[in-house]
Amino acid sequence: MRSWGHVSLFVPWSCVRSPLGEQVLGELGQELPSKSVYPTGGDVATRYLDPLVNTLPPGVASLGTKVVGVTRAYLPAKDWALSPELRSTRRFRILTRHLDTGEERHWNADFVFDCTGGRAPGWIGSGSIPAIGEMGSRGQIFDDIPDIAGRDRIHFLGKRTLLVGCGPAAALCAIELARLIAVNPDTGFLWVTRGQSELPCQVMLNDPLSRRDVILKKANLLVAKKPQGLYFLNSTQVDAVRYLIDQKKFYVTLQIGKTTRRISCDSVVSAVGTRPHSGYILELSGSEIGFYRIADGTHRDMPFYLEDGQKQIRDAFREVTGGSGDDLYAFPPIRTLPKEQGARLFVQRPHVIAAEGA
Ligand SMILES: Cc1cc2nc3c(=O)[nH]c(=O)nc-3n(C[C@H](O)[C@H](O)[C@H](O)COP(=O)(O)OP(=O)(O)OC[C@H]3O[C@@H](n4cnc5c(N)ncnc54)[C@H](O)[C@@H]3O)c2cc1C
């Protein structure tokens, strides 16, 4: 959320926080903003998530640490056909790597809550695989919503941009880019979508998120007005994208229906959604007892909201504790899970001891 910290959420604070989160911060005397206010991604990170992480007992959170792999300990390779019950007789074995120090460690655990989200940026290439050259140009492509009005303005004002995508993120970028055209008429952008619709964004009938509805409609209206500096192409795939450092320019090959067109531009914004970070769970079978995926990105066409995650966490904890009374979000909140038990859900064991028997 920090990476798009400048973006306002489509939901107010009331949909972002759980009763348990409110209770924990309330006990600390920490006041949360009014429930009706719409926070930015940065607000949620600094005013809600950071203070909650700070309340965890020492040793529970290993920050700056990447999970490289999760498997079942000491099972031979290619054992996915074993029943989930047999597999669950072995604990989870996890390899982590500290991002600063490079330190690698093994951990054992009875339960794994996979909350890695769906935030690996999608590819702009046809069929959602990388376009030719996209992997090599990744560092130069904006694949999180750039702060076009602020921090990243220099890359767009008076420049030519290729914008790819058709969702709320693309709509937000288009609105901001159009504002820059008004400031500097040399600014221009080509907006391409894969769909055939005459307008870039699909608007939901009676969208429950009124802010999203406004943004999508505003972006469609922009395209319909055909202002100078804004070009829109539907039915368009990105076949190749190369960034030439010495020229500070992108060269892009587009497939527009059956026609191929080559363009150059100064910036490329990829707003084509995300895909799950799943490489580290490749050694697990499809159904692992004790493995809970809090599932952003599992269904790539379904939006996943903070409230969905909270519901899934509640359900997962109910199952783990085996008790119908263990409802983390019951109102008024009841915490039947002692802090120490929470800490024990992720158990660190020295490698040698674990090797004697999982
Ligand atoms: C621009 C934008 C606007 C949005 N607006 C709204 C909104 O208005 N309302 C709403 O409810 N939702 C909104 N969402 C969706 C919301 O942000 C997500 O639903 C939410 O962030 C999902 O939370 P998460 O913890 O599951 O995943 P994430 O927020 O994606 O967090 C996953 C974390 O796991 C880390 N991670 C990944 N792989 C590993 C690994 N191998 N090891 C260690 N850590 C790893 C990542 O670095 C990341 O910090 C929006 C999303 C975007 C992009």
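Before any of the text, the structure's been laid out above.
Everything quoted here is computed from the prediction, not taken from an experiment.

Things to note about the overall build of the protein chain
Assigned secondary structure in the protein chain consists of nine helices and 14 strands. Scored against the burial criterion, the 358 residues of the protein chain give a buried share of 40%. When contacts within the protein chain are restricted to residue pairs at least 6 apart in sequence, those whose partners lie at least 24 apart make up 66%. As displayed, the protein chain offers around 19800 Å² of accessible surface, 56% of which is attributable to carbon and sulfur atoms.

With respect to helix α6 (residues 210-225)
Look at α6: 22 Å from first C-alpha to last across 16 residues, which is about the 22 Å you get at 1.5 Å a residue. Listed as buried for α6 are R212, D213, I215, L216, A219, N220, L222 and V223. Looking at the packing, one finds that the buried side of α6 touches α5 (168-183), β7 (188-192) and β8 (230-233). Immediately beyond the C-terminal end of α6, within one or two residues, lies K226, with a positive phi of roughly 50°.

Focus on the nonpolar core
Formed by 43 residues in total, the largest nonpolar core has its most connected members in F156, L163, F189 and W191. At the level of elements, α1 (19-27), α2 (41-54), α5, β7, α6 and β8 are the ones that each hand at least two residues to this core. With ten residues, the top contributor of residues to this core is α5. Setting aside anything within four residues of it in sequence, one finds W191 in contact with L163, G165, A170, A171, A174, P200, C201, A219, V223, Y231, F232 and L233. Core analysis: the second largest hydrophobic core is formed by 17 residues, V164, F250, L254 and C265 among them.

Calculation notes
Residues numbered from 1 in each chain as written. Predicted model: local features only at pLDDT ≥ 70, side-chain atom pairs only at ≥ 80, totals over all residues. Heavy atoms only, no water. Helix = DSSP H or I, 4+ residues; strand = E, 2+ residues; numbered from the N terminus. Buried < 20%, exposed > 50% of the residue type's maximum accessible area, 1.4 Å probe, protein only. Contact = heavy atoms within 4.5 Å. Areas by Shrake-Rupley, 256 points an atom, 1.4 Å probe, with all protein chains shown as cover. Expected span 1.5 Å × (residues − 1). Core = buried A, V, L, I, M, F, W, Y, C linked by side-chain atoms within 4.5 Å.

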